[in-house]
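One-letter residues, chain by chain:
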Amino acid sequence: MFSSWAARLEAADPAQDLAEGERLGARLVVPGDPEWPTQLNDLAERAPYGLWLNGEADLRFSCLRSVAVVGSRAATPYGTHMAAEFGAGLGERGWSVVSGGAYGIDGAAHRGALESGAPTVVVLACGTDVAYPSAHHDLFAAVRSQGLLVSECPMGARPTRPRFLIRNRLIAALSRGSLVIEAAVRSGALNTAGHAASLNRVVAAVPGPVTSEMSAGCHRLIRQGAAVCVTTPAEMVELVGVMGDDLAPELRGPVLPRDRLDPETRQVLEAVPARTGAGPAVIAMTAGVDLETVLSCLGGLAAAGHVERVAKGWRLRPSRPPGV
C-alpha cells in the first residue's frame, strides 16, 4: 500500500489541482478554515485532510442542521415518493439534506430539498467537475446554485467502487442523523448507517411493505434496534433536533361527537340500548348512577341527537350507531 501511494505522490501536482479547481469554480477547504465543519473531527484518524467544494452555499452552515437521507439506487415508486417527501419536509423545517447524488433515493431527496428552497449537499465519490451519474447533470447544476457538491477527490477524478464506500463516512459525519429509505439487505445505505452509529449519530429508517426486498434492510435495522422507525419528516426532526423544541405532533384519530361528552354523560349513553327501548330506572341501574342524573343526561343526549324516545323508553338513534 505504501508503494502504491508513493507512486501516486510522484504524479501529484498540488499547484495544478488548485489552479484547475479555481478554473472550474471549486474551492478547497481544510481544517481550521471558517467553512470547515468541525463535526468531521469525530472521524479522528479517518477525517479528510481537505474537501473540494463547488456551490454557492456555506458547507459549515449548511451542515449545522442537516440529515443524511440514503437508500437504494433501484428505488421503487414508493421509495422515491417518500424520499422526496422527506427532502421537502426537512427543508421546510429548516434542515438541509446530505446525500450521495445517486439514482433512486439520493436523487429524490435532493430534489425534494431543492423544491423546498433549502440547501442540499451532494457528497461525491469523484471530482466535483464530474457528473456521475451523467443523467444527474442538471440536478448537480441546480445543487451548485442552491447547495454544494463536496468531494475529497481533486478535479477529474473518476468514481470507483472503494470511493463510494469511503465517502459514506463523510455523509454520516456531516449530518446530525442518517435516515435510510429503502435498502436491501446488502446495500451501501446500510454502510452509511453503520458509520453514523459508530459516530453516535441518530439512525432512523422508514418502513416499507413487508413483502418488499427493497425495504428488508430497513426492517432489519428496526427489528435489531439499530434504527428508530420514522414515518414523517417531523418525527425525524424530533430525533435530531433540540430536546423539547422540535417535538413531532402526536398523531390522533378523528374526534367523534361522543368524545366531547363529559364522563358521566358518556356513561349514561353507553347504558342506552341500541334497539329496544329502556326506561330511565333501567338505564340508571345499568350505568351505575342515580335516576336524577339519568333524567338530566337523557335530555341533553336527545337534544344532541344521540338518543330518542320510543314506546318502551329510550334507545340510541338508528342513524347514530354505537361508536359514532
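Going by the annotation in an unreviewed UniProt entry, the name recorded for the protein chain is DNA-processing protein DprA, with Streptosporangium algeriense given as the source organism.

**Q** Could you clarify how one ought to interpret the overall build of the protein chain in this entry?
**A** Summing up its helical and strand segments, the protein chain has 13 helices and eleven strands in all. Taken over the C-alpha trace, the protein chain has a radius of gyration of 29 Å; the compact-globule value for 324 residues is 20 Å, which it surpasses by more than 25%. With 324 residues in all, the protein chain has 46% of them scored as buried. Sequence-distant contacts, at least 24 apart, represent 70% of the contacts inside the protein chain between residues at least 6 apart. As displayed, the protein chain offers around 16600 Å² of accessible surface, 55% of which is attributable to carbon and sulfur atoms. Counting 30 positive and 32 negative side-chain charges, the protein chain places the centres of these two groups 8 Å from one another.

**Q** Honestly, a nonpolar patch on the surface in this entry has me stumped. Any pointers?
**A** Together, Leu18, Leu28 and Val30 give the surface a local cluster of nonpolar side chains, amounting to about 220 Å² of exposed area. In this structure, valine 30 sits in the loop between β1 (27-29) and β2 (51-54). We classify valine 30 as partly exposed; its relative accessible area is 31%.

**Q** Would you mind showing me how to read the confidence of the model for the protein chain here?
**A** As a note on interpretation, predicted positions should not be read in detail where pLDDT is low. In the predicted model, the protein chain carries a mean pLDDT of 90, and 92% of its residues have values of at least 70. The model gives residues 320-324 a pLDDT under 50, and that stretch makes eleven contacts with residues more than four places away or in other chains.

**Q** Can you walk me through helix α8 (residues 188-198) in this structure?
**A** Count 3.6 residues to each turn of an α-helix, and residues three or four apart come out pointing the same way. Among the residues making up α8, those that are buried are Ala189, Leu190, Thr192, Ala193, His195 and Ala196. Those residues of α8 hidden inside the fold are in contact with β3 (66-71), α7 (161-174), β7 (177-181), β8 (202-206) and α9 (216-223). Asparagine 200 sits one or two residues past α8 and shows a positive phi near 60°.

**Q** Hey, could you run me through the pairing of strand β5 (residues 120-123) in this one?
**A** Within a regular strand, the side chains alternate between the two sheet faces. Burial of β5 is two-sided: the residues Thr120 and Val122 facing one way and the residues Val121 and Val123 facing the other way are all buried. In this sheet, β5 lies alongside strand β4 (residues 96-99) in parallel orientation, the contact comprising three bridges. Bridge pairing in β5 links serine 99 to valine 122. For the handedness criterion, the β-α-β arrangement of β4, helix α5 (residues 105-116) and β5 is classed as right-handed.

**Q** So what exactly am I meant to see when it comes to a negative patch on the surface here?
**A** On the surface, a cluster of negative charge is contributed by Asp262, Glu264, Asp290 and Glu292. Mapping aspartate 262 onto the fold places it in the loop between α10 (233-240) and α11 (263-271). Residue classification places aspartate 262 among the partly exposed positions, given a relative accessible area of 39%.

The rules behind the values
- Residues numbered from 1 in each chain as written.
- Predicted model: local features only at pLDDT ≥ 70, side-chain atom pairs only at ≥ 80, totals over all residues.
- Heavy atoms only, no water.
- Helix = DSSP H or I, 4+ residues; strand = E, 2+ residues; numbered from the N terminus.
- Rg over C-alpha atoms; globule rule 2.2 N^0.38 Å.
- Buried < 20%, exposed > 50% of the residue type's maximum accessible area, 1.4 Å probe, protein only.
- Contact = heavy atoms within 4.5 Å.
- Areas by Shrake-Rupley, 256 points an atom, 1.4 Å probe, with all protein chains shown as cover.
- Lys, Arg positive; Asp, Glu negative; His and termini not counted.
- Charge placed at Lys NZ, Arg CZ, Asp CG, Glu CD.
- Patch = residues over 30% accessible without salt bridge, like charges linked within 9 Å, V, L, I, M, F, W, Y side chains within 5 Å.
- Salt bridge = Lys/Arg side-chain N within 4 Å of Asp/Glu carboxyl O.
- pLDDT = per-residue confidence, 0-100.
- Pairing = 2+ DSSP bridges.
- Right-handed = clockwise from strand over helix to strand, strands pointing away.

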